[in-house]
Amino acid sequence: MAPYESDDMTTASEVDEPRSRRRRAARYVVPVTVMGVAAATIGLVPAIADSGDPDLPEITAAQLIEKIAQSDVERLSGTVKITTDLGLPDLGGLESSLASGATEPGEGGSSADPSAKLTELASGTHTLRVATDGPDRQKLSLLENAAEYSLIHNGKDVWGYDSASNAVYHGTVDESAADREQQPPATPEDFAEEALKAVDDTTSVTVDGTARVAGRDAYKLVVKPRQSGSTVGAISIAVDHKTGMPLKFTLTPASGGAAVVDVGFTKVSFDRPAASTFDFTPPKGAEVTEDGELDHGREHSGKPENAPKSQEDLAKGLDGLKMLGEGWNSVATFDTGGEGGLPTGEAGGDLGGFLGSLGDQVKGEFGTGTVFSTRLVNALITEDGKVYVGAVTKDALVKAADAGK
Amino acid sequence: MSRAEAVRKVSPLWTFGLFRSELLTTFRRWRTLALLGVLAAVPVLVGVAVRIETGDGSSAGGGGGPAFISQVTNNGLFLVFTALAATLPFFLPMAVGVVAGDALAGEASAGTLRYLLVAPAGRSRLLLTKYATVMAFCLVATLVVALSALTVGAVLFPLGDLTTISGTRISFTEGLARALLIALVVAVSLIGVAALGLFVSTLTSSGIAAMATTVGLLITVPILDQIPQLHALHPYLFSHYWLSFADLMREPVHWDDLTKNLGLQAVYAAVFGSAAWARFTAKDITA
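Reading the values: rules and limits
- Residues numbered from 1 in each chain as written.
- Chains lettered and ligands numbered in written order.
- Predicted model: local features only at pLDDT ≥ 70, side-chain atom pairs only at ≥ 80, totals over all residues.
- Heavy atoms only, no water.
- Helix = DSSP H or I, 4+ residues; strand = E, 2+ residues; numbered from the N terminus.
- Buried < 20%, exposed > 50% of the residue type's maximum accessible area, 1.4 Å probe, protein only.
- Contact = heavy atoms within 4.5 Å.
- Areas by Shrake-Rupley, 256 points an atom, 1.4 Å probe, with all protein chains shown as cover.
- Lys, Arg positive; Asp, Glu negative; His and termini not counted.
- Charge placed at Lys NZ, Arg CZ, Asp CG, Glu CD.
- pLDDT = per-residue confidence, 0-100.
- Pairing = 2+ DSSP bridges.
- 1 Å grid on protein atoms, 1.4 Å probe; cavity = no way out; pocket = protein on both sides within 12 Å on 5 of 7 lines; lining within 4 Å.
- Points joined across faces, edges and corners; volume = space filled by probe spheres on them.
- Nonpolar A, V, L, I, M, F, W, Y, C, P; charged D, E, K, R; others polar.
- Phe/Tyr/Trp six-rings, centres within 6.5 Å; stacked < 30°, edge-to-face > 60°.

J.: Quick question: what am I supposed to make of the overall build of chain B here?
T.: The helix and strand inventory of chain B stands at 10 helices and 2 strands. When the helices and strands of chain B are placed in sequence order, the string is α-α-α-α-α-α-β-β-α-α-α-α. The buried share of chain B, taken over its 287 residues, is 52%. Contacts in chain B between residues at least 24 apart in sequence constitute 76% of all its contacts with a sequence separation of at least 6. For chain B, the accessible surface area stands at approximately 12000 Å², while carbon and sulfur atoms represent 70% of it. In chain B, which carries 18 positive and 14 negative side-chain charges, the distance between the mean positions of the two groups comes to 15 Å.

Shown next, in the form of structure tokens:
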């Protein structure tokens, strides 16, 4: 700036007009340059960070799966970013008002109830923090705007703390492992385990180079269905080359587009987390809901009205469940028993019309029905009350229904 | 040449003297004092409201209201965070916008700008001094809110160890340290607005117009930040990461958005600071 100091003293009239105008314009080069440099830096930094896949020794798919199975990471802490895009109809405010109604205290729920809270992960992008120290101490935190929901397992206590409403949920477990399995999957490891369960001869598993995830070198394992008709395009799992722990899980649909599920560590450390991480004492004045009270409340209000409802319904439905087909194209079917099934068209009045508008009418040897589609799962509800659900295309679903008839 | 040398010789003293006189002029104004008074009143209002609301033992909030409000009854220190969360979206930037918008345009409309330029300080230096004064105001305004909240919190609610939003416990001293850090982060969050206001102030010779434009931008930008269709634009809006100061209350602290906020404010300061310089040093001062 110093060279311009003397200019400040001269008035514009001393210099002839066009020259001074050019000089004035020249000064705006500075802010424009600053803006350009800033924009370029913001744009380039991720690109630079992404480039350069690490060099790792060759490994076969079988060896890599073995590595995952043998992985015994006892201690870790890290940040997980989870993005889910199931392509469900966006209900926006309706959804949240239903959720708040479901978690209204007094109706038997609590905003700190883990099952209600973790179902939020089913849509949108969320940041989670996980910390583990052996089988007895785990912590999972859901980072929200200026608030956080923490689920802490320490010994036989399970605490849920919702800082936004200052509500505490408390439960106890006998078997530490049993409780974890009931929770919805949240970390890349959970998802990878589920995916590798499905590996059989209908699946192709390959190692597709390497990647850097959360600053660690990793192998990329790609799992693909061999058969056509599945809505699953590919599952890609990044596996840490040292510990064998899955660091990133991506499920892309066959129809293309953004990933349906994308879970990955953005930061990870295999050091022992601070012991204080797992200590929890309910803050003064916080409302504490005991696990038992919650169940009591639910029974009290008759049928379960809150979020776990869907799970319980699902469990009920699973009684009469039959699997058709094999591998990735397997379709689950059960009979709702209700003759007439879903009210469709004019028969169901306004509601039927609304539900019908969400799905597509299909006809086949099985009769007629309505197909409800998401990006991953399609469901066919026939007029005689049968339900076919699977991660398969609409045509495959109709074919399965025809075969099952 | 001799004139330039003379400028350089007295420059450090001049800059400091100019800065001091600017500070005094700014903080002696009734308008500034009134703004600070309003800011100090917000925590009092929030504190008293929460106290009355929870007088019968019921818990506050229930999810609604500004961040941290449900924790205020258990620990008065949370009133500092609540007050900052309540004032950061509007009251604080509005006060900064008024002071920044008035910085040069006010002088121009009062006809005092040319007298300031008669002093051998140079326009760049005058601009820097003005910007430093506005930043000092950012800090003072934030501290006024924080201290007022701390006082009200200590009077109306119990103090002691506090629970972070991650559920871990920290001592009261550490809580105080974090409160101070949060106040500093909030003050830094206002730097972008300050630079923007100063740039607007160089564009016009009417103090009212500059203030109105700045405050108008302050209302518009958070609205843009709410429109989901514009999400590609959101990370570049100065208010987008403002509430990230709450991440300092996590354990361990979540730095991602905090660093993004600081970086974004630095970019705003650089872009609009240099734009203000480009405009002001080349401008015809007629009043």
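Here the narrative resumes.
J.: Would you explain the overall build of chain A in this entry?
T.: Looking only at helices and strands, one finds 12 helices and 18 strands in chain A. In chain A, which comprises 405 residues, the proportion classed as buried is 40%. Counting contacts in chain A only where the partners sit at least 6 residues apart, residues at least 24 apart contribute 56% of the total. For chain A, the exposed area adds up to about 21300 Å²; of that, 54% sits on carbon and sulfur atoms.

J.: Looking at this structure, how should I read the confidence of the model for chain A?
T.: A low pLDDT score tells you not to read the predicted coordinates there in detail. Residue and element names in this part refer to chain A. Confidence in the prediction of chain A, expressed as mean pLDDT, is 74, and 72% of residues score 70 or more. Mean pLDDT across the elements of chain A bottoms out in helix α5 (residues 93–102) (42) and peaks in strand β10 (residues 246–253) (90). Overall, residues 90–108 carries pLDDT values under 50, and its contacts beyond four positions in sequence, including any with other chains, amount to 17 contacts.

J.: So what exactly am I meant to see when it comes to the pairing of β10 of chain A here?
T.: Along a regular strand, successive side chains alternate from one face of the sheet to the other. Residues and elements named next belong to chain A. Of all 8 residues in β10, 6 are buried, a share of seventy percent or more. Where strand β9 (residues 232–240) lies against β10, 7 bridges are found, and the strand directions are antiparallel. Among the inter-strand pairings, Val-232 is bridged to a residue of β10, identified as Pro-253. Between β9 and the antiparallel strand that follows it, β10, lie 5 residues; Gly-244 among them carries a positive phi value of about 75°. Summarising the sheet, β10 and strand β11 (residues 261–269) pair through 4 bridges and their orientation is antiparallel. Counted as the bridge partner of Phe-249 is Val-263 from β11.

J.: Even after reading the chapter, I still don't get the layout of surface pockets, so can you show me in this structure?
T.: Rolled over the atoms, a probe as big as a water molecule pinpoints where empty space is left. Taken as a whole, the second largest pocket holds about 1600 Å³ of empty space. The wall of the second largest pocket is formed by 32 residues, among which Thr-127 and Asn-145 of chain A together with His-240, Tyr-241 and Asp-257 of chain B lie closest to the centre. Of all elements in the fold, only β1 (75–84), β2 (124–133), β3 (137–144) and β11 of chain A together with α9 (207–226) and α10 (256–281) of chain B reach the threshold of two or more residues within the lining of the second largest pocket. Here the lining of the second largest pocket takes 4 residues from α10 of chain B, the largest share from any one element. Considered class by class, the residues forming the lining of the second largest pocket number 10 nonpolar, 12 polar and 10 charged.

J.: What am I meant to see in empty space enclosed by the protein here?
T.: Within this structure, the stated rule accounts for 4 cavities of 30 Å³ or more. Its boundaries defined by the atoms lining it, the largest cavity holds a volume of some 140 Å³. Along the wall of the largest cavity there are 13 residues; nearest its centre are Thr-26, Arg-29, Val-99, Ala-103 and Lys-130 of chain B. Of all the elements in the fold, those that place two or more residues in the lining of the largest cavity are α1 (2–28), α2 (30–53), α4 (91–110) and α6 (123–156) of chain B. Broken down by class, the residue content of the lining of the largest cavity amounts to 3 nonpolar, 4 polar and 6 charged. Considering only enclosed or pocket space, the second largest cavity measures out at about 80 Å³ in volume. Forming the boundary of the second largest cavity are Pro-283 and Lys-284 of chain A together with Gln-71, Asn-74, Asn-75, Phe-78, Asp-161, Leu-162, Thr-163 and Arg-169 of chain B. By residue class, the composition of the lining of the second largest cavity is 3 nonpolar, 4 polar and 3 charged.

J.: Honestly, the packing of aromatic side chains in this entry has me stumped. Any pointers?
T.: Two measures describe an aromatic ring pair: the distance that separates the ring centres and the angle between the ring planes. Residue and element names in this part refer to chain B. Per the counting criterion, the structure on display carries 12 aromatic pairs over all chains. When the centroid spacing of 6.1 Å and the interplanar angle of 40° are considered together, the rings of Phe-27 and Phe-137 count as tilted. Of this pair, Phe-27 sits in helix α1 while Phe-137 sits in helix α6, and the two are 110 residues apart along the sequence. A relative accessible area of 22% means that Phe-27 is categorised as partly exposed. A relative accessible area of 0% places Phe-137 in the buried class. An aromatic cluster is built from Phe-199, Phe-238, Trp-242, Tyr-268 and Phe-272, whose rings are joined through pairwise contacts.

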